[in-house]
Amino acid sequence: MSYVEINNISISFGGLRAVDNFFLRQEKGELHGLIGPNGAGKTTVFNLLTGVYKPDRGTFFLDGENMTGKNTIKLNHEGIARTFQNIRLFGNMSVIDNVKVGLHNNNKYSAAAGVFRLPKYFRTEKEMNEKAAELLDLFELLPDKDVLSSNLPYGKQRRLEIARALASSPKYLLLDEPAAGMNPNETADLMKMIRFVRDHFDMTILLIEHDMKLVSGICEKISVLNFGQLLAQGETSQVLRDPEVIKAYLGQ
Amino acid sequence: MKNKKTDVSAGVLKTIGFKSTAGNKIITILIPILFFGICQMLVSYGVLGSLFEGLLVPLCFYIIMAVSLNLTVGILGELSLGHAGFMCVGAYVGGIFSFITQETITSPWIRFPLAILIGGLAAAIFGLLIGIPILRLSGDYLAIVTLAFGEIVKNIMQNIYLAKDINGLHFSFATAIDPAKLDMATKVDILKGPMALKGVPRDANLIVALVLVVITLIVILNLIDSRTGRAIMSIRDNRIAAESSGINITKYKLIVFGLSAFFAGVAGVLASHYNMVTEAKKFDYNTSILILVFVVLGGLGKMRGTIIATILLYALPELLRGLQSYRMLVYAIVLIVMMIVNNNPWFIEQRKRLKAFLFKNKKAEMEEN
């Protein structure tokens, strides 16, 4: 059994088949790209995998465990973390607090321990601060740790979102258009960063992206979605030469 | 982005500092203590009149109300318009408890803390009861439901008939208790419908009230600055991201509704044990809005600002009494001006400059010494 196994998941909204029989196999540490024209159902696949929607049909296994039909919170506890197409940070909280929310379920103490400042509070907070600082340092955000996250420049906000997702020590990381709105330099940095995350954490990553340079640069395999259906899947270089894919998405 | 596959050296962690928030919190807690200390002193030296003295304890329970409402409105980010309803529950439950037990538990040192706990818990139960059905609501809809809740509580309290005799308690709703059921010789009326609750022992004084303010502040400030507080604020800032970060939204919303109602209940108990007369109609929509005004002007999510705004805005109408019929007009103008000063970018810039200027002077002075 593969590390990630998605078998024929489907969902319809009214008469519209948003995702139809999507399947995917990923080994641990594999970086898979998901591409396709606008409205093809890429983000819907993410929403299915993170429990925002429940699939009408199909199954989803991660590391041998059945994830099908679980809700968002439970799926996060099971090790699925994601970033969003339109950045969703906790804007009125500091950068380090954003990461500490990501650590919420790894370092626990009760509300009472927090209110009455029991020793457990100080011990856990120290651990959290250290872990969060470590993550922020990896993403070169440590100098900004006390800045409100909404005051960060765009590129840093994207990085912070990934840092927050990694804070929950996920097994499976879903990145939704991480390069959207970035200039070529920032995209090049982002590519390095995603590769680094994969190598450093041995992370299994599924990535939605429109920037073909980024996709062909870092993804070993890709899937192409069109009108909710899988058009092609396989080695990146082969799929990108597929005439069907060129016709539907890349253009002549 | 670092390319080296290295762990962060411990050295990096040692060089960065983590801001301690303890100092800030102590200042916030000291503000009411100093304020009431100074006021008490001025009253005892006769600078301030006894009329002013009578305002100090009510000010305490308004501070508790405002700080607890700020937990819901500022930290969780849900507009609640029925906060006075929880206060009403606390005032009645705590008041009735003390009324009934004033002969059995004679020491106010035991009776009053018990009344506080019971009144607070009763309000917290109401907070959770109202919290469960409105979990799916937010924004305007939640505000409307809480508004209705406040009015319902007020109306229920105005329709309760409660009397005590040798056989125990007698309860009736909407209609007076059948006199045939009562033993007239030992009968004591506790609640008579729309009539006020009277005869609650006056257990509260300024010291007790101040202690309760400090406890409220410690609990709420510590809660905000903890794992729980971060979870609550993450729900406020982005519900979807909070959920996908594994935050249990239901749990944290209920914690906030419960805790916020608990402290409103405590404020209510304080009120009924200080005012000799507790009337349900005092805990109406206007009171809820008044407290919301304190919170909004003090700054959403900012406890220190809330305390200062409560003190200023509560004292203001009393200080303006000399203006007679123009009093509320001036009050309204002051509110508008405060709102503008709080939010206008130019004013904010000037405030920062002033702060920097004052701070620099202080530093220079310290260096001179």
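Conventions we followed
- Residues numbered from 1 in each chain as written.
- Chains lettered and ligands numbered in written order.
- Predicted model: local features only at pLDDT ≥ 70, side-chain atom pairs only at ≥ 80, totals over all residues.
- Heavy atoms only, no water.
- Helix = DSSP H or I, 4+ residues; strand = E, 2+ residues; numbered from the N terminus.
- Expected span 1.5 Å × (residues − 1).
- Buried < 20%, exposed > 50% of the residue type's maximum accessible area, 1.4 Å probe, protein only.
- Contact = heavy atoms within 4.5 Å.
- Axes fitted to C-alpha atoms, helices over the stretch in contact; angles between N-to-C directions.
- Parallel < 35°, antiparallel > 145°, perpendicular 65-115°, else oblique.
- Left-handed = near helix turned anticlockwise from the far one by under 90°.
- Nonpolar A, V, L, I, M, F, W, Y, C, P; charged D, E, K, R; others polar.
- Domains from an automatic or database assignment.
- Buried area = accessible area lost by both parts, 1.4 Å probe.
- Polar contact = N/O pair within 3.5 Å; in protein donor to acceptor, adjacent residues only side chain to side chain.

**Student:** Tell me what's going on with helix α5 (residues 108–131) of chain B, and back it up with residues and numbers.
**Tutor:** Residues separated by three or four positions in an α-helix point in the same direction, a consequence of the helix having 3.6 residues per turn. All names here are of chain B. Taking 1.5 Å of rise per residue, the 24 residues of α5 would be expected to cover 34 Å, and the 33 Å separating its terminal C-alpha atoms lies within 8% of that figure. Three or more residues of α5 are buried, namely R111, F112, A115, I116, G119, G120, A122, A123, A124, G127, I130 and G131. Elements that come into contact with the buried residues of α5 comprise α4 (83–101), α6 (140–157), α7 (206–224) and α10 (249–272).

**Student:** Requested: an account of the packing of helix α2 (residues 22–44) of chain B against helix α3 (residues 50–76) of chain B, with residues and values cited.
**Tutor:** All names here are of chain B. Contact geometry for α2 and α3: axes closest at 10 Å, N-to-C directions at 165°. What the angle tells us is that α2 and α3 run roughly antiparallel. For the pair α2 and α3, the crossing hand works out as left-handed. Counted together, F35, F36, C39, Q40 and V43 of α2 and F52, E53, L56, L59, C60 and I63 of α3 form the full contact between these two elements. Of the residues contributing to the contact of α2 with α3, the split by class is 9 nonpolar, 1 polar and 1 charged.

**Student:** Give me the lowdown on the domain arrangement of chain A, citing residues and values where you can.
**Tutor:** Residue and element names in this part refer to chain A. One can read the domain layout of chain A as domain 1 (1–79 + 170–252) and domain 2 (93–169). Each of domain 1 and domain 2 has a C-alpha centre, and the two are 27 Å apart. Facing the 20 residues of domain 1 at the interface are 13 residues of domain 2. Carbon and sulfur atoms supply 73% of the area that domain 1 and domain 2 bury against each other, a total of about 1300 Å² over both sides. Taken as a group, P170, M193 and F201 account for 35% of the area that domain 1 buries against domain 2, more than any other trio of residues on that side. Run the count over domain 1 and domain 2 and you get 3 residue pairs in polar contact (both at pLDDT 80 or more). Breaking the side of domain 1 that touches domain 2 down by element, the ones donating at least two residues are α2 (72–77), β7 (172–176) and α7 (184–201). For the side of domain 1 that touches domain 2, the class distribution of residues is 12 nonpolar, 4 polar and 4 charged.

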